[in-house]
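Here is what each chain is made of, one letter per residue.
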Amino acid sequence: MPAATPPHVVIDGFLGEARACELMEFALAHESAFQQSRFYTSKREARVDTSVRDSSHLLELGALRAAFAVAVDAILALLTRELDVAPPYEAKKEIEMVRYGDGGFFKRHADAPPRPDGHDSVRALTLVYYFHASPKRFEGGELRLYARDGFVDLAPVCDRLVAFPSASSHEVRPTRCDSGCFADGRFSINCWVRRTRQGRSAALSG
């Protein structure tokens, strides 16, 4: 019996070559503003630990943030239907630009693990959009999505969008970039579509 495929949607050519190039130019122009990426612990505390996650990110994307959000809104109904995720009442979004250099990775985790108090995380959908310099100058960096009895590796192809439920377990496989040059790394836009958090009183009633 074949291993189950973890739920995900892949859209190639999501923004188009011109927009992908614009994102790359923006990243290069703001190289000095990238900071070491953090991750959330089981106590919901954000910290830097390069033994768990080794990447850098940029939060201020200017007008590109709004343009990306509009593109996501246009496919949100499709994604919630294909991934069997309840449509969020408020389509709020977290958006960041991320770069993985030589040796960069992110160990297995979930973007919306069960909260210690029993409430669900507000993250409902995770979207990852890939772009990079042309020609491509890095290897690896696959997104590995886990199912209960298997996994699937998805290559970081330029102008590709991958979407999956935020509760899904996943990792970023090690990236190899021999030049070590900032421009030659693995770049992405990470977006989390959030749903309204359930109220404590509603969760504890009954």
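As the structure is a prediction and not an experimental result, all values here were calculated from the model.

Novice: Got a minute to help me understand unusual backbone geometry in this structure?
Specialist: When glycine is set aside, most residues are seen to have a negative phi, and most peptide bonds are trans. Cis geometry marks the peptide bond from Ser134 to Pro135, where omega comes out at 0°. Examined against the element boundaries, Pro135 turns out to sit in the loop between β9 (123–131) and β10 (139–140). A positive phi is found at Asp84, a non-glycine position, where the angle reads about 55°. Here Asp84 lies in the loop between α2 (63–82) and β7 (92–100). A residue is classified by how much of its surface remains accessible, and Asp84, at 70% relative accessible area, is exposed. With phi around 70°, Asp159 is a residue other than glycine that occupies positive phi space.

Novice: For this particular structure, what's the right way to read the environment of Val72?
Specialist: Tracing the backbone through its elements, the reader meets Val72 in helix α2. When its relative accessible area of 0% is taken as the criterion, Val72 is described as buried. Residues Val72 and Leu127, spaced 55 residues apart in sequence, show a C-alpha to C-alpha distance of 8.7 Å. Residues in contact with Val72, not counting those within four places in the same chain, are Phe14, Lys93, Leu127, Cys191 and Val193.

Novice: In this structure, what is going on with the sheet that holds strand β11 (residues 143–147)? I would like to understand it.
Specialist: To summarise the sheet geometry, strands pair through backbone hydrogen bonds and adopt either a parallel or an antiparallel arrangement. In spatial order, the strands read β5-β8-β14-β11-β12; together these 5 strands make up an open sheet with antiparallel pairing. The open sheet has two edge strands, β5 (53–54) and β12 (150–154), and neither has a second partner. Where strand β8 (residues 105–110) lies against strand β14 (residues 169–172), 3 bridges are found, and the strand directions are antiparallel. Each bridged residue has a counterpart across the sheet, and for Phe106 the counterpart in β14 is Val172.

Novice: What is the right way to read the sheet that holds β7 from this model?
Specialist: Ordered in space as β1-β13-β9-β16-β7-β6-β2, the 7 strands form an open sheet in which the pairing is antiparallel. The two strands at the open ends of the sheet, each matched to only one other strand, are β1 (9–12) and β2 (35–36). Two elements, β1 and strand β13 (residues 160–165), share 4 bridges in a ladder whose sense is antiparallel. Counterpart to Val9 in the pairing with β13 is Ala163.

Novice: What should I look at first to understand the pattern of salt bridges in this one?
Specialist: Close approach of charged atoms allows side chains with opposite charge to pair. Applying the stated criterion to the full structure yields 10 salt bridges. Of the charged contacts in the structure, one is a salt bridge between Arg194 and Glu94, with a shortest N-O distance of 2.7 Å. Remark: Glu94 occurs in strand β7 and Arg194 occurs in strand β16 (residues 186–194); sequence separation between them is 100 residues. Judged by relative accessible area, which is 26%, Arg194 ranks as partly exposed. A salt bridge links Arg144 to Asp153, with the shortest nitrogen-to-oxygen separation between them at 2.7 Å. Residue classification places Asp153 among the partly exposed residues on the basis of a relative accessible area of 34%.

Novice: Even after reading the chapter, I still don't get the side chain of Asp159, so can you show me in this structure?
Specialist: Mapped onto the secondary structure, Asp159 falls in the loop between β12 and β13. For the buried Asp159, no salt bridge exists, and the shortest N-O distance to an oppositely charged side chain is 8.8 Å, to Arg19. If we ignore the near neighbours within four places in the chain, the residues touching Asp159 are Ile11, Asp12, Gly13, Phe14, Leu15, Gly16, Glu17, Tyr129, Tyr130 and Phe131.

Novice: Would you take a moment to explain the packing of aromatic side chains for this structure?
Specialist: Any pair of aromatic rings gets described here by the distance separating the centres and the angle formed by the planes. Counted according to the given criterion, the structure contains 9 aromatic pairs. Between the aromatic rings of Phe182 and Phe187, the centroid separation amounts to 5.4 Å while the plane-to-plane angle is 75°, which identifies the pairing as edge-to-face. In this structure, Phe182 and Phe187 share a single accessibility class: buried. Through pairs of rings, three or more aromatic residues link up here, namely Phe14, Phe34, Phe68, Tyr129, Phe131, Phe182 and Phe187. The lysine or arginine in question, Arg123, covers the ring of Trp192, its NZ or CZ lying 4.1 Å from the ring centre. Positioned over the ring face of Phe151 is Arg144, at 3.9 Å from the centre of the ring.

The rules behind these values
Residues numbered from 1 in each chain as written. Predicted model: local features only at pLDDT ≥ 70, side-chain atom pairs only at ≥ 80, totals over all residues. Heavy atoms only, no water. Helix = DSSP H or I, 4+ residues; strand = E, 2+ residues; numbered from the N terminus. Buried < 20%, exposed > 50% of the residue type's maximum accessible area, 1.4 Å probe, protein only. Contact = heavy atoms within 4.5 Å. Pairing = 2+ DSSP bridges. Salt bridge = Lys/Arg side-chain N within 4 Å of Asp/Glu carboxyl O. Lys, Arg positive; Asp, Glu negative; His and termini not counted. Phe/Tyr/Trp six-rings, centres within 6.5 Å; stacked < 30°, edge-to-face > 60°. Lys NZ or Arg CZ within 6 Å of the ring centre and 35° of its normal.

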